[in-house]
Amino acid sequence: QVQLVESGGGLVQPGGSLTLSCAASGFTFRTYAMRWYRQAPGKERELVAIISDSGQNTNYKVSVKGRFTVSRDNGGNMVYLQMSRLKPEDTAVYYCNVQGATLGTYWGQGTQVTVSS
């Protein structure tokens, strides 16, 4: 069974940094693109970053470009989201996601990121 387990969230001051991790299992990790989403209170879930199966291609939500970096370790079945210069508006629950036509769509349980002084 597919499992995605996020970790690394927490409370950070504006301008600070955090790195989120997502441990994946139950599917052939190296053959799927991976995504990070976030959902702030009262708002819809939004796509933050996507990384291709090889890790060679990435794409970001405009508001995080230049501040966030997505990466992956195909040997360890891990995907990461390095977040720097964090802003209060980055406060949200962050989710790891995998999806595919035959695989289906799976989400992790989420990890809370709070940016506040």
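Notes on the structure in this doc start here. As the structure is a prediction and not an experimental result, all values here were calculated from the model. (Residues numbered from 1 in each chain as written. Predicted model: local features only at pLDDT ≥ 70, side-chain atom pairs only at ≥ 80, totals over all residues. Heavy atoms only, no water.)

Counted under the stated rule, the structure contains four salt bridges. As a salt-bridge pair, Arg38 and Glu46 come within 2.7 Å of each other at their nearest N and O atoms. Look at Arg38 and you get buried, because its relative accessible area is 6%. Between Asp90 and Arg38 there is a salt bridge; the shortest N-O distance is 3.0 Å. Of this pair, Asp90 sits in the loop between β8 (78-83) and β9 (92-100) while Arg38 sits in strand β4 (residues 34-39), and the two are 52 residues apart along the sequence. Summarising the burial analysis for this pair, Asp90 and Arg38 share the class buried. One salt-bridge network, held together by shared partners, links Arg38, Glu46, Lys61, Arg67 and Asp90. (Salt bridge = Lys/Arg side-chain N within 4 Å of Asp/Glu carboxyl O. Buried < 20%, exposed > 50% of the residue type's maximum accessible area, 1.4 Å probe, protein only. Helix = DSSP H or I, 4+ residues; strand = E, 2+ residues; numbered from the N terminus.)

Let us now look at the nonpolar core. In this structure, Phe27, Leu81 and Tyr94 are the most contacted members of the largest nonpolar core, which totals 31 residues. The set of elements that each furnish at least two residues to this core consists of β3 (18-25), β4, β5 (46-51), β7 (68-73), β8, β9 and β11 (111-115). Setting aside residues up to four positions removed in sequence, Tyr94 forms contacts with Glu6, Leu20, Trp36, Tyr37, Arg38, Val48, Phe68, Leu81, Met83, Gly110, Thr111 and Val113. (Core = buried A, V, L, I, M, F, W, Y, C linked by side-chain atoms within 4.5 Å. Contact = heavy atoms within 4.5 Å.)

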